[in-house]
Amino acid sequence: MARRKKSVGSNVKDLVGKARESTRRRRSQQPAKFSNYVFKVLKQVHPQLSMTNKAMKVMDDFMHDIYSRLVSEAAGLVKLTKRSTLSASEFQTATRLILPGELAKHAISEASKAVASFLTSRNEDAKRSHARRVINNPPSMLPVTANNEEPVEIEIFGTVPRPLLSNAREVTGDVEESMEEDELENDVEFARKMPSKVPPMVKNPPTENANVYQNNIAPDSTTKRVLPIDNTAERDVPVDLSIEENITDEEDGSRIQEEPHPPTPPTEAESDTSTVAYETSKPTEGENRKNTHDGEKKKIAEEAETVPMDEEAETQSMNEETETEPMASQSVSGRNVEPNTLLIVDVVGNTQESSSMVSDGSTISTQLTLSSNTRVQIGTGNGSSAEPSETLGLLSRRNESVMTDSGCSTLRDVPETPSLTVRCQTLTTSRDSKQIDSRIGFGFFFGPKKPAFEQQFKMPLFRSEEMTLCQLFLQSEAAYACVAELGELGLAQFRDVSILLFKYGFVVTISQLNPDVSAFQRKFVNEVRRCDEMERKLRYLEKEIKRDDIPILDTGENPEAPQPREMIDLEAAFEKLENELREVNQNSEALKKNFLELTELKHILRKTQTFFDEMAESGHEDEHANLLGDDGLRAGGQVLKLGFVAGVILRERLPAFERMLWRACRGNVFLRQAEIDAALEDPVTGDQVYKSVFIIFFQGDQLKTRVKKICEGFRATLYPCPETPAERREMAIGVMTRIEDLNTVLGQTQDHRHRVLVAAAKNIKNWFVKVRKIKSIYHTLNLFNLDVTQKCLIAECWIPVTDMETIQMSLRRGTERSGSSVPPILNRMMTREVPPTYNRTNKFTAGFQNLVDAYGVATYREVNPASFTIISFPFLFSMMFGDAGHGLLMTLFALWMVVKEKPLAAKKIQSEIWVICFAGRYIMLLMGLFSIYAGFIYNDVFSKGVNIFGSAYKVNLTEHELQHHHSGMLVPNEVNGHYRQTPYPFGVDPIWMLAENKIPYLNAYKMKISIIFGVVHMGFGVILGIWNHRFFGRNMNILVEFVPQIIFLIFLFGYLCILMFIKWTKYYAGAEDQALTPGCAPSILITFIGMVLFKYDTVALDGCENYMYPGQVTLQKIMIITAVLVVPILLFGKPILFKMEMNKAKNHATLHNHNGTAEGEDVEVAGVPQTENHEGGDEPHEFSDVMIHQAIHTIEYVLGSVSHTASYLRLWALSLAHSQLSEVLWLMVLRKGLMFQDWYGGVILYFIFAAWAALTVSILVLMEGLSAFLHTLRLHWVEFQSKFYAGAGYLFVPFSFENIMEVQPGEE
Amino acid sequence: MRFQEFNIDNGYLEGLCRGFKNGVLKQADYINLVQCETLDDMKLHLQSTDYGQFLANEPSPLAVSVIDDRLREKLVIEFQHMRNQAVEPLATFLDYITYSYMIDNIILLITGTLHHRPITELISKCHPLGSFEQMEAIHVASTPAELYNAVLVDTPLAPFFVDCISEQDLDEMNIEIIRNTLYKAYLESFYQYCQTLGGTTAEVMCEILAFEADRRALIITINSFGTELSKDDRVKLYPTCGRLHPDGLAALARADDFEQVRGIAEYYAEYKELFDGSGNNPGEKTLEDKFFEYEVKLNVYGFMQQFHFGVFYSYLKLKEQECRNIVWISECVAQKHRAKIDNYIPIF
């Protein structure tokens, strides 16, 4: 903002200097034009904005128009007074007649000032005395006095308004010339000359002037192409800030030719008005831009062709209409008042700050007309001519420049105003904000209003950021880089516009209508898929790295999104790594398998050896030894040769295996098994498995195949086992050596693998970030729409208005990086959609914002309670949690988190409780600090009071009395009480901790402050509603909603608080008057109930008075009646207003139908397709809807006031619970430990203290803290925010790498 | 009262199952899938469904078989999870569901061994839900009796097998008979079990199982035309728990050609519709698809009621149908055979 507030006034001076030069240079070739100056001023004030030629012409025409009107009016006046000399007074009167109110005054004063300074500078030496006189004269007085006494100046002044309000250069040039001719030394000479010149001008313009006009108009329409604007644009404006190309609008041209501005006929002067359209876009000469903008520009242009205003009629009816209906133009249907130039409206709007309608220029919309504004202005008329330039808009600024054009240098410095800036913003925002608001409100017209202070002081958290929907045109080559930059920036939320239709010349988004468009039909699906593939490889790598327990280096660095061509390198690198790794893995798997087999074999040999040994022990030495030997011999004397197989099987499969064997072989096999103690590694999965060695003996080949089949079925691995012991031994030795060999090879493979992985581990995080960035960029690009020419991508995004430049900068960076020549175009769009809510937070405010958002995201631009929550939340919390000791614990914990913020955040602890605590560390810190404060107020430190200042009571009790009589009641009486008459300086007197009446005393105190703070809190909430009403232009709501609400609250509950204060201050123990003693103090509660029920006791207690102050009954009755009476206002006010507005709108609509297309065009300007019925969108609020809504609202508020006030009693209740609980802990735990007097007391105390500390932390700090937190949250959500906060918005989720990186790891 | 008790043991699982059911692909998903050009497109789209990242770790040239495996894997994991959490009687119920897969596996293995395929290759084709410990040793057996004695006697299928113990050699015909006998026994037993469970479970499950039985009977009849299967043998294979029992089955036993079967189905409103709408001409759906559609419908109805076990069965069947659909679509996509791509059976 600061930049925008650049001085306009000071620029005007040097501009004028330049202008004068150019005037001279070009007088012969060029017609008089203001456009150059308008443009220059615009560029100086706001380099980002540009102005269409059309708009420029409007400005120009406007100047001419005013001028011709003034001149003709002045001429008419001369005729009327039957004089032959046109004097300054005529011009002044003419100015007054034509320009409204303050503007006229201002114009006159500026003009005289300008003349004066002109003279001084011109004839510095000769005319110093004149100049001084002029300056010393009050400007408005100048003409009258001057008329008689100083004809010289009058005459000069008389001449000036003509050039002043007409073609600047020509006429001022005139003056200059004539002055030069006469050398301006002989004023009288000059004055004498004038009368001869002027009269003809009135009837028939003198040749000189006529030339001027002709020059002015004719080339204007013919040489449109060579407007100075374009020259300027080509000459000295940076590429991206050039003025838009003129639209070749034939219709427009012809119109201009048809209606050349007749300078002479004063009453018929038609103001050819059109809109000034500033655009914040970055115009280029690029074809793309033309394509896309022509449509929009046409709309603006068309809108600009407004119905010519019958100026005379307006001026006549001006004064009558002025004060009567200033609001008329505020209604939605206000556009049937003839639309006029935006600029004029704006200028006028700027002149009056107090007017509700156009307070500071931000509310201007196309619907307001010159006449309506004029009226308003006359009605308010608070701007004083003493400080005109602060409020005057462009019009007066033109005047100044014209005046200074004539060479004056001593003009009073124009105070710096952001008026032009504001105007520009207005022009661009008004339309969409109007639409937004007309949807929010109930059919009133709502131009958003920024209260003045908000504009002056930046209040970031007070409202959400102003957002705008932008269209982004990116050249295909540059799109990637630009989106990458935006991703780093994280300020743009892209919308899915991947499918667009061209309809009615408009880009219509239908993707919302067609959500079935699946992901793969988009343009960059292939790239996304490649990223997926890369991610897969990275995941594989990561898995392998983790398997080897290699630490992954997390440098926390954030590499930039790689270029698209870099993607290929990355892909290649990953591919290579993956292949290498796979190869290594395959090798090592094979080796491991080998190793496993060998190990198993080794075990088999070892285990089977025992089986064979057993056999040997049993006497069968030879390998033909058989178990069935005896049987076999007995059977047929024939030695049966037993075959056997040996193998290894998973241990858990063994029982089934055994059963199966038994069944399949009908018990004809013999199985021995032994467990392998050591776990073996499965080569494929790497798991540890336990296996058993078995050996099966059988007889015959048939059985052998069967056994083998079963073994196969159970995945048992069979190993050849030699039959002779010698062979076995030999084999065992061979196996051993091979295992050793394998071990070394395996070690080498492992080393290699390790090296590869370690190298990868260094980079893997980095790679992940890169790939994710690429992927997210392409995902975003998929949301874009391809232009028909395939040359450019069109995106739509929401961005904060204040960040437009940052975004443009980053876009430019992106373009540069991609080496593209065509700059991206960021173009603001008009939309009826409600923008997302974006509250810019920092790490401190983020926590509080989250608390508010958890209830509901604020409606767009609504007052955001978060800023107030920062203080009120910890405060209300501390009222419940008030204990300095517990607060200290909380503070220390929060402080630790705050101090160690960075290392703790880097740890990325996933535990939910921790995440919540850590996110709320600043809230906790404040809560802790406030609790310490509240603890000192309550005088509670771990439930014990501290006596810092010395108690204000003196109790004379002996130790014996204390121990046995327990009469620890404190009497605050002077005479026989204990009070010393000097209060304890801070907080609660510590002696109350010992008093028997501690609880009643503290309860009374805490209950009352709870109510007081509650009412203040709620009242504040209600008051905040004003800002909402004003901002959304629902000014009448202040009257029908805010006022009744606040009256109801204050008259009932505010009064209750006042009663409390009266009771506190009026009644005291040592009072002389008995009526003022505490005994006579009435109960507030009873009083309040009596007040509501109109019950008043007539009989007073002895020596007491019934009422706290005289007239109490009357006042209370009045208040109750008023409070009840405002309820119907609250109930019916808004619906009735709505009804009225509806009726008015209906009338306007019927009237407006005669006005033809204007309405339709308005809709178009908003960038909304014609097909959408604008009016239809606003209609659905039926009267009954409004009525029901308001009824609910009213009931809610009225009943809510009662229940919410009572709800604040939780502040007392929780505070009481907290202090009681901590006292119990003290009495029941720690005090017991302190009562031992012997040495072992210390030992016991050691443990008791541990118990006490644990209980304190867990119950009092954690549990009580949580409950107090939740209650505070409720008080804010329900009691406070319900008074003003709608919370119906949706969150702004920008495309940001940071967010993406945060989210992604969580998913895995 | 029953309802409250139901939730004590099975509430969690039912909730879980209904949650899983919500992940079943919708018509919109199928429309998108059908539009896919390549399998990678399908992968991309499936990512946006409940399947999520199930294919994320597969290297890029995808094969249909991989998709099939992953789909099945996911389904099995979900089912196993439910099975592991289940308590009686749901556990038995869920076990019953797996028996049909066991039967299929056994038949597959036997057929495979008959054709001298290596057992490892066959094992990988078995449905994981139907795997049992002794499964891989099945090729030991050469006759049904052996099969029973050596392998199946320990499995839960043993009671179903009693009917088909014979000393004949295992051949194609025999195997089919074994399969169908097993199925018959299984279905009848399952039907019986559901009826003992009673309540809504019986209502829902019996309808589904009755249809299953009838479908088998009809298909057996149709398939038996022109084979050496005698009519008497055929009768033995009809499950008797369906609506066709007893009259329809008796009629079926006498049927000689397709028209007669159609004639029998005329008497049953539901089946008449199926037969009427089916045909082998292009544009018409096959009888098999019609049956599938009807099955899907029944299973979807299963979700209309609460507090019963039918949802588990229905879920599994629906999910299976979904896997078939996806595999069908991916086959069509992979073979660029788009003409028949729409022949999947929509579920919701």
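The rules behind these values
- The written sequence of each chain sets the order in which its residues are numbered from 1.
- Chains and ligands are labelled by the order in which they are written, letters from A for the one and numbers from 1 for the other.
- In keeping with the predicted nature of the model, local features appear solely for residues at pLDDT of at least 70, side-chain atom pairs appear and are counted solely at 80 or more, and the whole-chain, interface and lining totals rest on all residues.
- No hydrogens and no water enter the side-chain calculation; it runs on all heavy atoms of the structure.
- Angles shown run from 0 to 180 degrees and are taken between the N-to-C directions of axes, each axis being a line fitted to C-alpha atoms and, for helices, limited to the stretch in contact.
- Helix and strand labels come from DSSP, where a helix needs a run of H or I of at least four residues and a strand needs a run of E of at least two; each type is numbered from the N terminus.
- Crossing handedness is defined as follows: a turn of the near helix away from the far one that is anticlockwise and smaller than a right angle gives a left-handed crossing, while the clockwise case is right-handed.
- Residue contacts are defined here by distance: any two heavy atoms, one from each residue, within 4.5 Å place the two residues in contact.
- Charged means Asp, Glu, Lys or Arg here, nonpolar means Ala, Val, Leu, Ile, Met, Phe, Trp, Tyr, Cys or Pro, and polar covers whatever is left, Gly included.
- Throughout, disulfides are identified as pairs of cysteine sulfur atoms within 2.5 Å of each other.
- Relative accessibility under 20% of the residue-type maximum defines a buried residue, over 50% an exposed one, and the middle range a partly exposed one, all with a 1.4 Å probe and only protein chains included.
- Take the accessible area each of two parts loses on contact, using a 1.4 Å probe, and add the two losses: that sum is the buried area.
- Any Lys or Arg side-chain nitrogen found within 4 Å of a carboxyl oxygen on Asp or Glu counts as a salt bridge.
- UniProt positions are given in the numbering used here, feature names are shortened, and annotations may be inferred rather than shown by experiment.
- Here the arc refers to the set of directions running from the helix axis out to each C-beta atom.
- In this scheme, patches are assembled from residues that exceed 30% relative accessible area and form no salt bridge. Like charges are connected within 9 Å, while nonpolar side chains (Val, Leu, Ile, Met, Phe, Trp, Tyr) are connected within 5 Å.
- We get accessible surface area from the Shrake-Rupley algorithm with a probe of 1.4 Å; when it comes to residues, only the shown protein chains can shield them.
- For the purpose of counting charges, residues Lys and Arg are taken to be positive, whereas Asp and Glu are taken to be negative. His and the chain ends are not included.
- Throughout, a charge is located at the NZ atom of Lys, the CZ atom of Arg, the CG atom of Asp or the CD atom of Glu.

A.B. asks: I keep staring at the packing of helix α39 (residues 1035-1066) of chain A against helix α40 (residues 1084-1093) of chain A and nothing clicks. Help me out?
C.D. replies: Each packed pair of helices is defined by two parameters, the angle between the axes and the distance between the axes. All names here are of chain A. Interaxial distance between α39 and α40 falls to 10 Å at its minimum, and their mutual angle equals 145°. Crossing handedness for the pair α39 and α40: right-handed. Residue-level contacts link Phe1051, Leu1052, Phe1053, Tyr1055, Leu1056, Leu1059, Met1060 and Lys1063 of α39 to Ile1084, Thr1087, Phe1088 and Met1091 of α40. Its residues placed into classes, the contact of α39 with α40 shows 10 nonpolar, one polar and one charged.

A.B. asks: How should I be thinking about the state of the cysteines in this particular structure?
C.D. replies: Note: disulfide means a covalent bond formed between the sulfur atoms of two cysteine side chains. All names here are of chain A. Inspection of the entire model under this criterion finds one disulfide over all chains. At a sulfur-sulfur separation of 1.6 Å, the disulfide partner of cysteine 1080 is cysteine 1104. Measuring handedness by torsion sign, the sulfur bridge of cysteine 1080 and cysteine 1104 sits at about -75° and is left-handed. Residue cysteine 1080 is located in the loop between α39 and α40, and its partner cysteine 1104 is located in the loop between α40 and α41 (1112-1152); the two are separated by 24 residues in the primary sequence. The class of cysteine 1080 is buried, set by a relative accessible area of 7%. On the accessibility criterion, cysteine 1104 (14% relative accessible area) is buried.

A.B. asks: How should I be thinking about the interface of chain B and chain A in this particular structure?
C.D. replies: Interface size is commonly expressed as the accessible area that is lost once the parts come together. Taken together, the contact between chain B and chain A spans 28 residues of the former and 25 residues of the latter. Both sides together, the interface formed by chain B and chain A hides about 2,300 Å², and carbon and sulfur atoms give 51% of it. The three residues of chain B that bury the most area against chain A are Leu44, Glu133 and Val140 of chain B, which together make up 24% of that side's buried surface. At the boundary of chain B and chain A, one finds one salt bridge. Between aspartate 41 of chain B and arginine 529 of chain A there is a salt bridge, with the nearest N and O atoms lying 2.2 Å from each other.

A.B. asks: Help me understand the UniProt feature "transmembrane region" (unreviewed entry) in chain A in this model?
C.D. replies: Residue and element names in this part refer to chain A. The feature "transmembrane region" (unreviewed entry), as annotated in UniProt, sits at residues 875-899, 911-936, 1009-1027, 1039-1062, 1118-1137 and 1243-1263 in this numbering. End C-alpha to end C-alpha, residues 911-936 measures 35 Å, and it is 92% helix and 0% strand. Secondary structure within residues 1243-1263 divides into 100% helix and 0% strand; the distance between the first and last C-alpha atoms comes to 29 Å.

A.B. asks: Would you mind going over helix α13 (residues 258-266) of chain B with me for this structure?
C.D. replies: Helical geometry: 3.6 residues make up each α-helical turn, so side chains three or four residues apart lie on a common side. All names here are of chain B. Of the positions making up α13, those classed as buried are Val261, Ile264 and Ala265. Angularly, the buried residues of α13 cover 100° about the axis, an arc narrow enough to put them on a single face. Those residues of α13 hidden inside the fold are in contact with α10 (199-224), α12 (247-254) and α14 (269-277).

A.B. asks: Help me understand a negative patch on the surface in this model?
C.D. replies: A cluster of like negative charges, contributed by Asp169, Asp171, Glu172 and Glu228 of chain B, occupies part of the molecular surface. Following the sequence through the fold, aspartate 169 of chain B ends up in the loop between α8 (158-161) and α9 (172-197).

A.B. asks: Explanation requested: the environment of histidine 139 of chain B in the structure shown.
C.D. replies: Note that histidine 139 of chain B resides in the loop between α6 (119-125) and α7 (144-151). Assessed through its relative accessible area of 11%, histidine 139 of chain B is described here as buried. When neighbours within four sequence positions are excluded, histidine 139 of chain B is seen to be in contact with Lys709 and Glu712 of chain A together with Thr113 and Ile119 of chain B.

A.B. asks: Got a minute to help me understand unusual backbone geometry in this structure?
C.D. replies: Glycine aside, residues mostly have negative phi angles, and peptide bonds mostly take the trans form. Across the junction of glutamate 88 of chain B and proline 89 of chain B, the peptide omega takes the value 0°, indicating a cis bond. Structurally, proline 89 of chain B can be placed in the loop between α4 (64-85) and α5 (90-114). Of note in the backbone geometry, aspartate 549 of chain A takes a positive phi value of approximately 55° without being a glycine. Its location among the elements puts aspartate 549 of chain A in the loop between α24 (525-547) and α25 (564-617). Residue classification places aspartate 549 of chain A among the exposed residues on the basis of a relative accessible area of 67%. The backbone of arginine 861 of chain A shows a phi angle near 65°, a positive value even though the residue is not glycine. Inspection of the secondary structure assignment puts arginine 861 of chain A in the loop between α31 (843-855) and α32 (866-881).

A.B. asks: Where do I start with the pattern of salt bridges in this structure?
C.D. replies: Oppositely charged side chains can pair when the atoms bearing their charge come close. Residues and elements named next belong to chain B. All chains considered together, the criterion is met by 50 salt bridges over all chains. Of the charged contacts in the structure, one is a salt bridge between arginine 215 and glutamate 295, with a shortest N-O distance of 3.4 Å. Here arginine 215 is found in helix α10, whereas its partner glutamate 295 is found in helix α15 (residues 287-302), with 80 residues between them in sequence. The exposure class of arginine 215 is buried, given its relative accessible area of 11%. Aspartate 276 is the salt-bridge partner of arginine 262, the closest N and O atoms lying 4.0 Å from each other.

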